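Below, each chain spelled out in residue letters.
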Amino acid sequence: MLILGGTAEARTLAAALAQRPDVECVSSLAGRVSRPRLPVGKVRVGGFGGPGGLTEWLRDNHMTALVDATHPYAEGIRGSALAAAPLAGVAYLRLERPGWTAGPGDQWHRVAGYAAAATTMAALGRRVFLTIGRQHLHAFTGLPECWLLARVVEEPGPVPRHVTVLRSRGPYTVGGETAVLREHRIDVLVTKDSGGSLTAPKLAAARALSVPVVMVDRPAPPPELAGQDVVHDVIAALRWVDRLARTGPGSRAGSTRPPPRRHAGGPGSGSTR
Ligand SMILES: NC(=O)c1ccc[n+]([C@@H]2O[C@H](COP(=O)([O-])OP(=O)(O)OC[C@H]3O[C@@H](n4cnc5c(N)ncnc54)[C@H](OP(=O)(O)O)[C@@H]3O)[C@@H](O)[C@H]2O)c1
């Protein structure tokens, strides 16, 4: 089985499958981060070269199943996995954690993309805590009236003078996030709807300090995902593996229920990276 990873769910799944003598598993990482958290078991690193390269890799390595447990915003690899699985004749599962939902006291502004997020951000405040990673940072840096505290895992390269880079990697605490918001006098938080508990404390801190949140919505599910096996936590993914082990890779094993929405940081909301 190939697990497309880079998330906590992928690592938890790989660790659980490492205990099973009947499943041989390889985890795949994109290789974007200099010191990645490595999953248990076999790991390969780097892109496959698109859907064609992934199809070839699955065939060459005699895979029978592919679990796409990548981040909800990793659209490129999700599309590759959806295209490659049928071409290589392997069973496909999407493991995607549920998004966050606003609760009492939250002031969330949901937007459909990064450009809309930048406009909404500028309408709401002047001192911004930007937690969308480095890939889309450029969408926010063209508004010099907004001072940005941009939290990223890896160095983003040169940034304008009104942007301060804060390099760090979660998990975070509500106390720590509250201190960041206070210390930098943040008046608006910008985030993706990553879901999970590891980065949710910023939302609790924003709620407590009445800081508005601009929430960039998840990319729409591609049409190819319709009718595919989709689960929303590792337990369900392990059940899928069990069914697959019983019935063989030619059969459908999963569930396609829509993801249950959970309150940010609520019980069972999972992990984020
Ligand atoms: N986007 C986020 O906010 C975010 C947050 C946390 C973790 N991550 C993790 O970081 C990785 C990259 O995310 P992204 O948003 O840059 O992805 P992306 O835009 O979907 O991926 C771009 C390209 O990177 C390669 N790639 C991505 N994930 C891969 C994997 N697990 N194994 C092998 N190659 C992979 C593929 O290259 P080829 O076309 O050459 O195969 C893919 O086409 C993913 O594994 C994701 O789970 C992403």
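Criteria and cut-off values
Residues numbered from 1 in each chain as written. Predicted model: local features only at pLDDT ≥ 70, side-chain atom pairs only at ≥ 80, totals over all residues. Buried ≥ 20, exposed ≤ 12 C-beta atoms within 10 Å, placed from the backbone. Helix = DSSP H or I, 4+ residues; strand = E, 2+ residues; numbered from the N terminus. Contact = placed C-beta atoms within 7 Å. Domains from an automatic or database assignment. Nonpolar A, V, L, I, M, F, W, Y, C, P; charged D, E, K, R; others polar. Near = placed C-beta within 6 Å. Pairing = 2+ DSSP bridges. Axes fitted to C-alpha atoms, helices over the stretch in contact; angles between N-to-C directions. Core = buried A, V, L, I, M, F, W, Y, C linked by C-beta atoms within 7 Å. Parallel < 35°, antiparallel > 145°, perpendicular 65-115°, else oblique. Left-handed = near helix turned anticlockwise from the far one by under 90°. Arc of directions from axis to C-beta.

## Section: helix H1 (residues 8-17)
Side chains that are three or four residues apart share a direction in an α-helix, a result of its 3.6 residues per turn. Within H1, 8 of the 10 residues are buried, which leaves the element mostly enclosed by the surrounding structure. Buried residues of H1: Ala8, Glu9, Ala10, Arg11, Thr12, Leu13, Ala14 and Leu17, and no others. Looking at the buried side of H1, the elements it contacts are strand S1 (2-4), strand S2 (26-29), strand S4 (65-68), strand S5 (91-95) and helix H7 (234-247).

## So, the domain arrangement of the chain
As a measure of interface size, the accessible area lost when the parts come together is often cited. Looking at the chain, the domain boundaries give domain 1 (2-98 + 220-263) and domain 2 (100-216). Computed over C-alpha atoms, the centres of domain 1 and domain 2 are 29 Å apart. Residues of the side of domain 1 that touches domain 2, tallied by class, amount to 5 nonpolar, 2 polar and 3 charged.

## Looking at the site of the ligand
With respect to spatial proximity, 24 residues lie near the ligand, and among them Gly6, Gly47, Thr70, His71 and Gly76 are the closest. Those elements giving two or more residues to the shell around the ligand turn out to be S2, helix H2 (50-60) and helix H3 (75-88). Broken down by element, the shell around the ligand gets its largest block of residues, 4 residues, from H3. In the shell around the ligand, the residues fall into 8 nonpolar, 13 polar and 3 charged.

## A word on the sheet that holds S2
If you walk across this open sheet you meet the 6 strands as S3-S2-S1-S4-S5-S13, and the pairing is parallel. The open sheet terminates on both sides in strands that have one partner only, identified here as strand S3 (42-45) and strand S13 (229-231). Taken pair by pair, the neighbouring strands of this sheet meet at an average axis angle of 25 degrees, ignoring direction. Together, S1, S4 and S5 form the strand contacts of H3, whose direction differs from that of S4 by roughly 160 degrees.

## Quick look at the nonpolar core
Counting residues in hydrophobic clusters, the biggest one holds 35 residues, and the most contacted among them are Ile3, Leu13, Leu66, Val67, Ala81, Val90 and Ala237. At the level of elements, S1, H1, H2, S4, H3, S5, S13 and H7 are the ones that each hand at least two residues to this core. When residues of this core are assigned to their parent elements, the largest contribution, 6 residues, is made by H3. Those residues within four positions of Leu13 in sequence are excluded, and the remaining contacts are Ile3, Val67, Ala69, Leu95, Val234 and Ala237.

## Let's talk about the environment of His136
Its location among the elements puts His136 in the loop between strand S8 (127-131) and strand S9 (147-152). Note: C-alpha distance between His136 and Ala115 (21 residues apart in sequence) is 9.6 Å.

## Remarks on the sheet that holds strand S10 (residues 163-167)
Across the sheet, 6 strands lie side by side as S7-S12-S11-S8-S9-S10; this open sheet has parallel pairing. Whereas interior strands pair on both sides, the edge strands pair on one side only; in this sheet they are strand S7 (108-111) and S10. Each adjacent strand pair in this sheet contributes to an overall mean axis angle of 20 degrees, direction not counted. Its contacts with the sheet put helix H4 (residues 114-124) on S7, S8, strand S11 (188-192) and strand S12 (213-216), and the angle it makes with S12 is roughly 175 degrees.

## Considerations on the packing of H1 against H7
Two numbers describe how H1 lies on H7: the axes approach to 10 Å, and their chain directions differ by 45 degrees. By the angle between their directions, the pair H1 and H7 is classed as oblique. Crossing of H1 against H7: the hand is right-handed. In this structure, H1 uses Glu9, Thr12, Leu13, Ala16 and Leu17 to contact H7, whose residues at the interface are Val234, Ala237, Leu238 and Val241. In the contact of H1 with H7, the residues fall into 7 nonpolar, 1 polar and 1 charged.

## Things to note about H2
Regarding H2, the residues found buried are Leu54, Thr55 and Leu58. For H2, the angular spread of the buried residues around the axis is 105 degrees, confining them to a single face. The inward-facing, buried residues of H2 abut S1, S4 and H3. Of the residues one or two after H2, His62 is the one with positive phi, at around 55 degrees.

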